[in-house]
Amino acid sequence: TGSGKTAAFLFPMIAHLCRIAPPPDGGGGMGRRKVFPQALVLAPTRELASQIYDEARKFSWKTGLKCQVVY
């Protein structure tokens, strides 16, 4: 239920992603911006993936990073 262990691996990842430059726009036209995955966290269960996603959203608030969960 705590977020300490999750923070232990998410904070360095988020810090690194904030330091590197954003990916190139890709020139898709029509004002659309291509988005590329920059990090991947694998979890053994759907419930754990959902919990990690919730914490990642909290930790990356106001950084410009977008989090997504995939089952």
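No experiment lies behind these values; they were computed from the predicted model shown. For every chain, the first residue of the written sequence is number 1, and numbering continues from 1 along that sequence. With pLDDT at 70 or above as the cut-off, local features in this predicted model cover only qualifying residues; side-chain atom pairs require 80 or more to be listed or tallied, and sums for whole chains, interfaces and linings still use all residues. No hydrogens and no water enter the side-chain calculation; it runs on all heavy atoms of the structure.

**Student:** Got a minute to help me understand helix α1 (residues 4-19) in this structure?
**Tutor:** Along an α-helix, residues three or four apart share an orientation, since each turn contains 3.6 residues. Helix and strand definitions follow DSSP, with helices as H or I runs of at least four residues and strands as E runs of at least two, each counted in order from the N terminus. An expected span of 1.5 Å times one less than the residue number is assigned to each helix. Taking 1.5 Å of rise per residue, 16 residues should cover 22 Å, and α1 covers 23 Å from first to last C-alpha, within 8% of that figure. Two axes define the bend at a residue: one fitted to the seven residues ending there, one fitted to the seven starting there, and the bend is the angle between them. Its axis deflected by about 30° at L10, α1 carries its strongest bend there, up to four residues before the proline P12. The buried label goes to any residue with under 20% of its type's maximum accessible area, the exposed label to any with over 50%, and the partly exposed label to all in between, with areas taken from a 1.4 Å probe on protein chains only. Of the residues making up α1, those classed as buried are T6, A7, L10, I14 and L17. For this analysis, residues touch if any pair of their heavy atoms sits within 4.5 Å. Against α2 (46-59) lie the buried residues of α1.

**Student:** Sorry, what's going on with the layout of surface pockets here?
**Tutor:** If you roll a probe as big as a water molecule over the atoms, it shows you where there is empty space left. Size it by volume and the largest pocket reaches roughly 1,000 Å³. Cavity and pocket criteria rest on a 1 Å grid covering protein atoms alone: a 1.4 Å probe that fits but cannot get out defines a cavity, protein on both sides within 12 Å along at least 5 of 7 lines defines an open pocket, and an atom within 4 Å of a point defines a lining residue. Along the wall of the largest pocket there are 34 residues; nearest its centre are Q38, A39, K66, C67 and Q68. Any residue that is not Ala, Val, Leu, Ile, Met, Phe, Trp, Tyr, Cys, Pro, Asp, Glu, Lys or Arg is counted as polar, Gly included; the first ten are nonpolar and the last four charged. The residue inventory of the lining of the largest pocket, partitioned by class, reads 26 nonpolar, 5 polar and 3 charged. Grid points are joined across faces, edges and corners, and a volume is the space filled by probe spheres set on the points.

**Student:** What's the story with the pattern of salt bridges in this structure? I'm lost.
**Tutor:** Side chains that differ in sign of charge can pair as their charged atoms come close. We define a salt bridge as a contact between a side-chain nitrogen of Lys or Arg and a carboxyl oxygen of Asp or Glu at a distance within 4 Å. Taken as a whole and assessed by the stated rule, the structure comprises 1 salt bridge. With a closest N to O distance of 3.1 Å, E55 and K58 form a salt bridge. Placement of both E55 and K58 in helix α2 is noted, with a separation of 3 residues, approximately one turn of the helix. For E55, a relative accessible area of 13% corresponds to the buried category.

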